[in-house]
Amino acid sequence: MTDDILEIYNSVKVSIDEANSQSDLDEIRVSMLGRKGLITDKLKGMSLITDLEEKKLLGKSINEVKNFIEEQLSSKRSAFSEKDFLESLKKTHVDITLPGRQPSVGAINILTQVEEEIVSIFNSIGFGVAEGFELDDDYHNFEALNIPYYHPARDSHDTFYVSDNRLIRTHTSGMQIRLMKDIKPPIAAISPGKVGRRDAIDAKHSPVFHQVEGFLVDKNVSFNDLKGILELFCQRIFGSRTQIRLRPDFFPFVEPGADLSATCVVCKGVGCKTCGYEGWIELMGAGMIHPNVFEHVGYDPKVYSGLAFGMGVERIAMLKYGITDIRMFYENDISFLKQW
Ligand code: DAH
């Protein structure tokens, strides 16, 4: 290092050590590295040196000092900003006696809870879960479920079409078709999810609601299996004393078809306002999968038989928790939602 560079080094070292504030550091930076700074000057002066070796040595030592200055300035600068910060903390007064704000802790919506309970009951007896799509096509929602375009059963499922062929699914039964096309028997699955129908809104109807569809296909599946599975389900969800009743009903995708009622959850079968003094409450549709459905998915109806059922989640939740108006599920009224 040449004498004058060494001198710069020594003097700048002292001034950085003695610097007391950010502005002292700024001054040092400008006087050394600024446009007219000492170091900048030295660097410029190098162009006058012709001896290559000398030029190289000088350049090296100027750069060393330059790097030294930059490092020292930056470490001192961060020390100062920490000091400034601590001082500013001392100046701003925080009132730690002020009570904090209670964060409001949400909860899982009651509909989701009931859906999860339904799913877990069927899971526990070997049914898998497949959710499917909220938008489906005519084929999966109707045609393959033995509801051709001219069938009057379509009237009760009038729905929201997004195009000629695409609609918001009117039930989750269409998942039967998708799964059966993909998987060979034996198969047991449930399919929970959102569905839509063009129903006018009232205490019992909502254009958007939730269903759980279930089905099982194997050799020798009987109506007895259907009855046993649904009895077990009703007893798990409503209590072990619950009894079920199956009466003939019509759904195009099952034969025979049935509607399932359970003893009223309120009066336990005696008769009350909830069950219209009948003692029974209709819960879901069910039946043995129609051979025409099997034909659509390529299962041989002479070899296999299957059971299917479909229920509304809102209906189960309303009965289980004594909720009298379906609209309450969707209104986001905290006092309602907080109860569960
Ligand atoms: N998909 C029917 C509906 O939404 C419910 C249903 C009835 C499902 C009978 C079934 C069944 O699987 O066997 O009204």
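Residues numbered from 1 in each chain as written. Predicted model: local features only at pLDDT ≥ 70, side-chain atom pairs only at ≥ 80, totals over all residues. Heavy atoms only, no water.

Thoughts on the pairing of strand β8 (residues 280-289)
Right, on to step 1. Taking burial as the measure, the 10 residues of β8 include eight buried ones, the bulk of the element.
Right, on to step 2. For strand β7 (residues 254-263) and β8, the ladder comprises eight bridges, and the chain directions are antiparallel. Bridge pairing in β8 links Ala262 to Ile281. (Buried < 20%, exposed > 50% of the residue type's maximum accessible area, 1.4 Å probe, protein only. Helix = DSSP H or I, 4+ residues; strand = E, 2+ residues; numbered from the N terminus. Pairing = 2+ DSSP bridges.)

Some remarks on the domain arrangement of the protein
Right, on to step 1. Taken as a whole, the protein is organised into domain 1 (3-92) and domain 2 (110-337).
Right, on to step 2. For domain 1 versus domain 2, the separation of C-alpha centres amounts to 79 Å. (Domains from an automatic or database assignment.)

Observations regarding the site of the ligand
Right, on to step 1. The environment of the ligand is formed by 15 residues, the closest being His171, Ser173, Arg197, Gln211 and Glu213.
Right, on to step 2. Within the side chain of Arg197, an N or O atom sits 2.7 Å from an oxygen atom of the ligand.
Right, on to step 3. One of the backbone nitrogen or oxygen atoms of Ala308 is found 3.3 Å away from an oxygen atom of the ligand.
Right, on to step 4. Elements supplying a minimum of two residues to the shell around the ligand: β5 (208-218), β8 and β9 (305-312).
Right, on to step 5. The residue makeup of the shell around the ligand, split by class, is six nonpolar, seven polar and two charged. (Near = heavy atom within 4 Å. Polar contact = N/O pair within 3.5 Å; in protein donor to acceptor, adjacent residues only side chain to side chain. Nonpolar A, V, L, I, M, F, W, Y, C, P; charged D, E, K, R; others polar.)

Structural notes on helix α1 (residues 3-18)
Right, on to step 1. Between its first and last C-alpha, α1 extends 23 Å over 16 residues, near the 22 Å set by a 1.5 Å rise per residue.
Right, on to step 2. Taken as a whole, α1 has its buried residues at Ile5, Ile8, Val12 and Ile16. Taken end-on, α1 shows its buried residues confined to a sector of 55°, consistent with a single buried face. Exposed side of α1, more than 90 degrees from the buried face: Asp3, Glu7, Asp17 and Glu18 are the residues found there.
Right, on to step 3. Tucked into the core, α1 has its buried residues touching α2 (22-33), α3 (38-45) and α4 (52-91). (Expected span 1.5 Å × (residues − 1). Arc of directions from axis to C-beta. Contact = heavy atoms within 4.5 Å.)

Considering the nonpolar core
Right, on to step 1. If you look at the biggest cluster of nonpolar residues, it comprises 44 residues, and the most contacted ones within it are Ile118, Phe233, Leu283 and Phe309.
Right, on to step 2. When residues of this core are traced back to their parent elements, those giving at least two are α5 (110-124), β5, α8 (223-238), β7, β8, β9 and α10 (313-321).
Right, on to step 3. Sequence-distant contacts of Leu283, defined by excluding residues within four places in its chain, comprise Cys234, Phe238, Leu260, Ser261, Ala262, Met311, Arg315, Ile316 and Leu319.
Right, on to step 4. Core analysis: the next-biggest nonpolar cluster, separate from the first, contains 23 residues, Phe142, Ile177, Phe253 and Val293 among them. (Core = buried A, V, L, I, M, F, W, Y, C linked by side-chain atoms within 4.5 Å.)

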